[in-house]
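# A structural walkthrough
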Amino acid sequence: MDSFPYLLLVAAVAVMATTESEHPCEGYNCTSTEISTYNDDLLELALDSCSNLGVLKGSPKLEMLMINNCSSGDLHNLPSLPKLCYLRIRNGNITELSDEQFAMMTILDTVELGNNSISRVSIEAFKGLSHVWRLGLQDNDLTILPDGVFHSLPELVDLNLNRNKLATLEFKTFSKNPKMKYLWLRDNPLTMVLAIPLKQLIRLDLANCRPLEELQMHTAETVILSNSGVRKLDVVGSVSKLYARKNRLRYLQLDDKMSIIELDLSDNMMQTKELHKILLGMWRLQRLDLSCNLMNELPVPNSGNSDEVFFLPNLRFVNLSSNMLEYLHGDSPLMSPALYYLDLSHNKIRILDPHIFKMVNNLQYLHIEWNQIREFRYDSLYKQQRGLKLVILFNNLFSNETYVTMTKFFKDSGVRVIERTQDQPEVSYTTVSSMDNYELSLPDEVPMEVKAQLIQTSEPTPQKKKLDGPPHKEPKVQDTIQKWTLFDYLIFIVLLAALTLNVFLIVQLRRSQNCLTLLSRFWESKGFSKMQAKFVSMEDPEV
């Protein structure tokens, strides 16, 4: 009888477990692999496979559906979900999107089908999806896109086609998508793009699309065209930021030069005569990267044409490293009054006269390392540029005495000097990729100014000199003092209290010993000696 309550408790637990297994999804969200019943109010659902799609019929209010590992490739069993707005199917073996694939979901606005095996898309696969603004087809096996495949998506804003196998893009591909602002085509083996007729693009990503030799496009705020093998680029419209590094550019045509703010042409085949035509009229240009090109001198205004105005008044950041510059022109527009960062490293410059910077008002960062400079009027330069914050001078033809004197002068003036360490490799002016610690060329997705600011925290630590004799062990000295935590303070207070208590006890013990001494003396004086004498006389009669 005593065990009866325990048996009832075990039975109750078993019933509860059975109930939970029968109803794995409650409330508005659910994530499970085997689902048989649903709450009619379910709004979000995540499935680990697509083998049990028929159960979706019990969720008419579903708004978000996410399916992973769809190995069967059967999407035709998707029921009518009139409330569904977001659909994501990833990591599956879907090979084809047929006509009106999602026609039963009329209010869809986001469709994500990334990382599947889609190789074919029917021309009417997205028919009926008039509200879709975001479509993801990245990481698939698409080799061709039908001309009108996106025509049924008038609200399309964001299209991701990254990492497919597309070789060509026809002119009509996006002709019915006037609202598109983001087009991602990275890592496709494109060989031909017959113009992109989109005039409201915010970002166009064509990075790593080799071998795309020629490209003609319309307006875009930001264009990423790095490492795509482009030789000729024609922009019929306006571009604010053009990142075209690591190509083979020789020809660049920009219809609206006034719109350019950032221009990255590093690691190309640009020469001075082409740059004169490219830069002419870029009044708003602020950042320019021409590193790793074929420049032998700076572009200057053409004196033969009096109507020509070659001036870059807003240019603040200039990277000319790893070219073939032997001398500089003070009247070049690259020496802008607004210039604050200038990288001349890895060239063949012999003379650096402060007169070159006569138009520059506030130079702060100057790289002249790895050149052939013998003489440098550093004191005159500093008188001109009182705002100088950092200078790099190493690996020129200065004598050791001159280099030490210059370094001391700048340091005493509050200018930071970065000196070469033994672990930095020698890089010639023809090297394509400069050292990461010093070469601040414009990256694909990070603004150039961010890397310029990293100089302030990128000073390499000097290496220890190696001694010829046996190693000498020296005691380690801790340079920094560790801050106390709250636990340290508590331990200190406890120890202090214990020490105080011990002192108090010792004092009390000494006082008690003094009292015993006084008592013993008192008893001796009152007769204890007589008693002792009597006791001795009784024990030893000879005494």
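Residues numbered from 1 in each chain as written. Predicted model: local features only at pLDDT ≥ 70, side-chain atom pairs only at ≥ 80, totals over all residues. Heavy atoms only, no water.

Here we come to the overall build of the protein chain. The helix and strand tally for the protein chain stands at 6 helices and 26 strands. Here the protein chain holds 543 residues, and the buried ones make up 42% of them. Sequence separation of at least 24 residues holds for 46% of the intrachain contacts in the protein chain that already meet a minimum separation of 6. (Helix = DSSP H or I, 4+ residues; strand = E, 2+ residues; numbered from the N terminus. Buried < 20%, exposed > 50% of the residue type's maximum accessible area, 1.4 Å probe, protein only. Contact = heavy atoms within 4.5 Å.)

This brings us to the environment of K176. Residue position: K176 is located in the loop between β10 (168-169) and β11 (182-184). Given a relative accessible area of 48%, K176 falls into the partly exposed group. A sequence separation of 27 residues divides K176 from V149, and the C-alpha atoms of the two residues are 9.8 Å apart. Non-local contacts of K176, meaning those with residues more than four positions away in its chain, are made with H151, L153 and P154.

With that settled, consider the pairing of strand β14 (residues 214-217). Side chains L215 and M217 of β14 all project onto a buried face; the interleaved residues E214 and Q216 project onto a face where none is buried. In this structure, β14 lies alongside strand β16 (residues 232-243), joined through 4 bridges in parallel fashion. By the bridge assignment, M217 is partnered in β16 with V235. (Pairing = 2+ DSSP bridges.)

Moving on, we come to helix α4 (residues 400-412). Under the 1.5 Å per step criterion, the end-to-end length of α4 is 18 Å for 13 residues, consistent within 8% with the ideal 18 Å. Buried within α4 we find Y403, M406, T407 and F410. The buried residues of α4 occupy an angular sector of 100° when projected down its axis, which confines them to one face. Residues of α4 that are exposed and angled more than 90 degrees away from the buried face: E401, V404, K408 and D412. Summarising the contacts, the buried residues of α4 are in contact with β24 (375-376), α3 (378-384), β25 (390-392) and β26 (416-417). Downstream of α4 by a residue or two, G414 has a phi angle that is positive, lying close to 90°. (Expected span 1.5 Å × (residues − 1). Arc of directions from axis to C-beta.)

All right, on to the UniProt feature "transmembrane region" (unreviewed entry) in the protein chain then. The UniProt record annotates "transmembrane region" (unreviewed entry) at residues 486-507. With 100% helix and 0% strand, the stretch residues 486-507 has end C-alpha atoms that lie 32 Å from each other. (UniProt positions renumbered as here; feature names shortened; annotations may be inferred.)

In terms of residue burial, helix α2 (residues 272-279) counts as a mostly covered element, since 6 of its 8 residues are buried. Positive phi appears at G281, one or two residues downstream of α2, with a value of about 95°.

Right, let's talk about the nonpolar core for a bit. In this structure, L65, F126 and F376 are the most contacted members of the largest nonpolar core, which totals 123 residues. Per-element tally for this core: the top contributor is β16, with 4 residues. Not counting residues up to four positions away in its chain, the partners in contact with F376 are L352, I368, L381, L393, F398, M406 and F410. (Core = buried A, V, L, I, M, F, W, Y, C linked by side-chain atoms within 4.5 Å.)

What follows deals with a positive patch on the surface. Taken together, the side chains of R210, R231, R248, R250, K273 and K277 define a basic patch exposed on the protein surface. On the secondary structure map, R248 appears in the loop between β16 and β17 (251-256). R248 gets classed as partly exposed once you look at its relative accessible area, which sits at 37%. (Patch = residues over 30% accessible without salt bridge, like charges linked within 9 Å, V, L, I, M, F, W, Y side chains within 5 Å. Areas by Shrake-Rupley, 256 points an atom, 1.4 Å probe, with all protein chains shown as cover. Salt bridge = Lys/Arg side-chain N within 4 Å of Asp/Glu carboxyl O. Lys, Arg positive; Asp, Glu negative; His and termini not counted. Charge placed at Lys NZ, Arg CZ, Asp CG, Glu CD.)

A separate point is the packing of aromatic side chains. One pass over the full model with this rule turns up 11 aromatic pairs. With a centroid separation of 5.6 Å and an interplanar angle of 70°, the aromatic rings of F409 and F410 are classed as edge-to-face. Residue classification places F410 among the buried positions, given a relative accessible area of 0%. The side chain of K232 reaches across the aromatic face of Y251, ending 5.1 Å from its centre. (Phe/Tyr/Trp six-rings, centres within 6.5 Å; stacked < 30°, edge-to-face > 60°. Lys NZ or Arg CZ within 6 Å of the ring centre and 35° of its normal.)

This next bit is on unusual backbone geometry. As a rule of thumb, non-glycine residues mostly have phi less than zero, and peptide bonds are mostly trans rather than cis. Omega for the peptide link from R210 to P211 comes to -5°, which places this bond in the cis form. Note on placement: P211 falls in the loop between β13 (201-205) and β14. Phi at R163 is positive, roughly 55°, even though this residue is not glycine. By secondary structure assignment, the location of R163 is in the loop between β9 (158-160) and β10. Note on R163: relative accessible area 36%, which makes it partly exposed. One non-glycine residue, D267, adopts positive backbone phi at about 55°. With respect to the helices, strands and loops of the structure, D267 is situated in the loop between β18 (262-264) and α2. With relative accessibility at 10%, the residue D267 sits in the buried group.

Bringing the pattern of salt bridges into the picture now. Considering all chains together, one arrives at 12 salt bridges under this definition. Linking R287 and E262 is a salt bridge whose minimum nitrogen-to-oxygen distance equals 3.2 Å. With R287 in strand β19 (residues 287-289) and E262 in strand β18, this pair connects stretches of sequence that are 25 residues apart. Of the two residues examined, R287 and E262, each falls in the buried class.

Bringing the pairing of strand β15 (residues 220-224) into the picture now. Counting buried positions along β15 gives 4 out of 5 residues, so the element sits mostly inside the fold. The pairing of β13 with β15 spans 4 bridges and is parallel. If you follow L201 over to β15, its bridge partner there is A220. Where β15 lies against β16, 4 bridges are found, and the strand directions are parallel.

Structurally, M282 can be placed in the loop between α2 and β19. The exposure class of M282 is buried, given its relative accessible area of 0%. In this structure M282 touches L254, K257, I260, L263 and L312, once residues within four positions along its chain are discounted.

The next point concerns the side chain of S259. Summarising the element assignment, S259 is placed in the loop between β17 and β18. Looking at S259, its side chain comes within polar contact range of the main-chain oxygen of V239, at 3.0 Å. A polar side-chain atom of S259 sits 2.8 Å from the main-chain carbonyl oxygen of D256. Sequence-distant contacts of S259, defined by excluding residues within four places in its chain, comprise S238, V239, S240 and R284. (Polar contact = N/O pair within 3.5 Å; in protein donor to acceptor, adjacent residues only side chain to side chain.)

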